[in-house]
Amino acid sequence: MAYSSSPAGSMSIAAKIGVIAVATAAIVGVGYYFVKDEVGGPPKLHELPNPTATQQTIAPDTVAVDKPIYDEPAPAPVPQPLPDLDQSDATVLAALKALNVNGLVEMIIPQEILRKFVRAVNILDEGKIITEYRPIASPQGAFAADSFNVKVGGGELGEQQDVEQYRISPKNYLRYTLFVQVISALDSDAAISLYKHYYPLLNRAHQELGMSKDNFHSVLIRAIDRVLSAPEANGDVILIHPKVYYEFADPALEKLPGIHKLMLRMGPDNEAKVKASLRNARVKLLHK
């Protein structure tokens, strides 16, 4: 699947943001973390068509056949009144601000926070990246690639020629630095507590989508597992630029699910940090 050389993405992702999005940043993954500026008042997400209809198709061999189901989290130890889902944005933002993580609240798109997070996680569970109504703001700048020349033979006289090739630029990795720093700085215990507190609203938003009969907790864990299963890059990631979009030169990489491609675009150091945070969050999410 091609990806644009213009701002891309989301991270969706990024899942801890997911864990965290509500629980934390009304996120991560997830996803996942790019979003276009929204003009005017945002539409109600529960009035949108089924999001799976607008997403890219994954290669058949990348779709999980068996989807494990997990028990939902136990209620928060000290129950507190929950706002109505339609009126939850201000309360969720205040809770995220109380986590005292620099840059976290600034990343959040402040409308329909819980619904956007739930929608992004559901799409991430399928290995895809959300393309509309993302919960997290876009990273700065456009996708960056470096060009370089390699010597290849092939002329009638056996002479070598310079052939231009492309690779993902380290400058592109920097676009995700703030995102990764936020995930790494999050207090996962506090984030999980928030997740458990807001879980009834999250599951309600999940039921509104009507995308599956599974509980939202199972979808979130599977989405985290999707991110953790992303392959690690060995050396430079070589690209081709056949038309408007860059593509991975390696056909096997080009066939990967969207979220796995995003992890490759983040760079090996960022990928390792995100996966470490998600592994930690996953253990806590499944701990009763």
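Residues numbered from 1 in each chain as written. Predicted model: local features only at pLDDT ≥ 70, side-chain atom pairs only at ≥ 80, totals over all residues. Heavy atoms only, no water.

Peer 1: So what's going on with the overall build of the protein chain? Residues and values would help.
Peer 2: Helices and strands together make up the secondary structure of the protein chain, namely 11 helices and six strands. Going through the 288 residues of the protein chain one by one, you find that 49% of them count as buried. (Helix = DSSP H or I, 4+ residues; strand = E, 2+ residues; numbered from the N terminus. Buried < 20%, exposed > 50% of the residue type's maximum accessible area, 1.4 Å probe, protein only.)

Peer 1: I'd like a rundown of helix α8 (residues 216-228), residues and numbers included.
Peer 2: Look at α8: 18 Å from first C-alpha to last across 13 residues, which is about the 18 Å you get at 1.5 Å a residue. Among the 13 residues of α8, 11 are classified as buried, and the element is accordingly described as predominantly covered. Among the residues of α8, those classed as buried are Phe-216, His-217, Ser-218, Val-219, Leu-220, Ile-221, Arg-222, Ala-223, Ile-224, Arg-226 and Val-227. Between the side-chain oxygen at the start of α8 and the backbone nitrogen of His-217 there is a gap of 3.2 Å, and the oxygen is on Asn-215. (Expected span 1.5 Å × (residues − 1). Polar contact = N/O pair within 3.5 Å; in protein donor to acceptor, adjacent residues only side chain to side chain.)

Peer 1: Please give an account of the confidence of the model for the protein chain that cites residues and values.
Peer 2: Overall, the predicted model of the protein chain reaches an average pLDDT of 78, with 73% of residues at or above 70. Across the protein chain, element-level confidence peaks in α8 with a mean pLDDT of 96 and bottoms out in strand β1 (residues 11-14) with 37. Predicted confidence for residues 1-64 stays below pLDDT 50, and this span has 245 contacts to residues more than four positions away or in other chains. (pLDDT = per-residue confidence, 0-100. Contact = heavy atoms within 4.5 Å.)

Peer 1: How would you sum up helix α2 (residues 89-97)? Please name residues and give values.
Peer 2: Along α2, the positions that sit buried rather than exposed are Val-92, Ala-95 and Leu-96. One side of α2 carries all its buried residues, which in axial view fall inside an arc of 100°. Looking at α2, the residues exposed on the side facing more than 90 degrees away from the buried face are Ala-90 and Lys-97. (Arc of directions from axis to C-beta.)

Peer 1: Talk me through the packing of aromatic side chains; I want residue IDs and the actual numbers.
Peer 2: For any pair of aromatic rings, the description consists of the separation of the ring centres together with the inter-plane angle of the planes. All chains considered together, the criterion is met by four aromatic pairs. When the ring of Phe-117 is compared with that of Phe-216, the centres are 5.9 Å apart and the planes differ by 70°; the resulting orientation is edge-to-face. Taken as a pair, Phe-117 in helix α4 (residues 113-125) and Phe-216 in helix α8 lie far apart in primary sequence, 99 residues in all. The class for Phe-216 is buried, based on a relative accessible area of 0%. Ring centres of Tyr-166 and Tyr-246 lie 5.6 Å apart, and the angle between their planes is 70°; on these two criteria the pair is classed as edge-to-face. Linking Tyr-166 in strand β4 (residues 160-168) with Tyr-246 in the loop between β5 (238-240) and β6 (247-248), this pair joins segments that are 80 residues apart in sequence. An identical accessibility class is assigned to Tyr-166 and Tyr-246; each is buried. These aromatic residues form a ring-pair network of at least three members: Phe-143, Tyr-166 and Tyr-246. (Phe/Tyr/Trp six-rings, centres within 6.5 Å; stacked < 30°, edge-to-face > 60°.)

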